[in-house]
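Structure at a glance
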Amino acid sequence: MSGQIVLNTRPRGQAAELSLLLTGAGFSAVEAPAIQVIRAWDTADLSAARDGLRAGRFAWVVLASQNAGRALVVELRSARIVSGVATAAALGLTPHIPLERFSAAAALEALRPHLQPGERVLVPRGAEGRDELLDGLRGLGVNVVAPVAYRTAAAEPFVLASEVRGRHFDAITVCSPSALGALLAANLQPEIQAAALVCLGDTTALAAREAGLRVDAVATTTSMGALVDAVRSALAPEAVV
């Protein structure tokens, strides 16, 4: 393990935790942010969400990521929340339904017995997010409020390529389909294929496979600690890649 090099593609400002854990596990971490996260709240939507949370108008709040809830942390402390355990920890919240591995399917399954038709559910989301969760909730008869909380922007392909191209990496970590897309847009397929590709969640892993890439490991939970464990598994001497 000693000296093995792992590419950390987390956004700047969110990469430090993963790099620290990788270093602590004996890896050499190299940061090259593939995306940046940009706050995208409409002022009226943010005010309405905060007012609604304070007034208890939402039966549940579903947080797919820490970026979804970052602007609402104070108001969320009194809300019933469904989120991944890593998201809750990052925001300092205690969810009513914690999910070790957040996904739309897992959130829907967990919420199904608790929802009543007509109830309001707040789902702050990313601009590029998929509709599986929203459609599933609407199918259960609830009123879904889904304001855009953030958007992601890919790193400039030239900049990303200059940081990655031609360098050796034993493993490359990707935490979202948008991060993977940024690597592909920078024409870094050779570097990806030469390394162990380690994904944070099933959605990212699916996007990689749909792009024709081999996925060597997927974190068992949506946390940075689990991602490091997945890197360790992918690079273990006995691992088949």
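Higher on the page you've got the structure.
Here the residue index of a chain counts from 1 through its sequence in written order. The model is predicted, so local features are restricted to residues of pLDDT at least 70 and side-chain atom pairs to those at 80 or more, both for listing and for counting; the totals for chains, interfaces and linings are taken over all residues. Calculated side-chain values reflect all of the structure's heavy atoms, with hydrogen atoms and water omitted.

What about the sheet that holds strand 12 (residues 196-199)?
For two strands to be treated as a pair, DSSP must find no fewer than two bridges joining them. Each helix is a run of H or I in the DSSP string that is no shorter than four residues. Each strand is a run of E no shorter than two, and both are numbered from the N terminus. In spatial order, the strands read 2-1-11-12-13; together these 5 strands make up an open sheet with parallel pairing. The two strands at the open ends of the sheet, each matched to only one other strand, are strand 2 (28-31) and strand 13 (217-218). Note: strand 11 (residues 171-174) against strand 12, 4 bridges, orientation parallel. Bridging across to strand 12, Ala-171 finds its partner in Ala-196. We call two residues contacting when some pair of their heavy atoms lies within 4.5 Å. A fitted line through C-alpha atoms represents every axis, and for helices the fit uses only the stretch in contact; the resulting angles, taken between N-to-C directions, go from 0 to 180 degrees. In this fold helix 1 (residues 16-24) packs onto strand 1 (5-8), strand 2 and strand 11, with an angle of close to 160° to the strand it touches most, strand 2.

Some thoughts on the nonpolar core
Core analysis: the largest hydrophobic core is formed by 27 residues, its most contacted members being Leu-160, Ile-172 and Leu-197. When contributions to this core are tallied by element, the ones reaching two or more residues are helix 8 (157-164), strand 11, helix 9 (177-185), strand 12 and helix 11 (202-210). When residues of this core are assigned to their parent elements, the largest contribution, 4 residues, is made by helix 9. What Leu-197 contacts, discounting residues up to four positions off in sequence, is Ile-172, Val-174, Ile-192, Ala-208, Leu-213, Arg-214, Val-215, Asp-216 and Ala-217. Only buried residues count toward a nonpolar core, which is a set of Ala, Val, Leu, Ile, Met, Phe, Trp, Tyr and Cys residues joined through side-chain atoms within 4.5 Å. Residue exposure (1.4 Å probe, protein chains only): buried if accessible area is under 20% of the type maximum, exposed if over 50%, otherwise partly exposed. Listed in part, the 21 residues of the second largest apolar core include Val-62, Ala-104, Leu-133 and Leu-134.

Description of the environment of Arg-165
For Arg-165, the location among the structural elements is in the loop between helix 8 and strand 11. According to the relative accessible area criterion, Arg-165 is partly exposed, its value standing at 44%. A C-alpha to C-alpha distance of 27 Å links Arg-165 and Glu-128, two positions 37 residues apart in sequence. What qualifies as a polar contact is a pair of N or O atoms within 3.5 Å, subject to a donor-acceptor requirement within protein and to the restriction that residues adjacent in sequence count only when both atoms come from side chains. At 2.6 Å, the side chain of Arg-165 forms a polar contact with the backbone oxygen of Ala-186.

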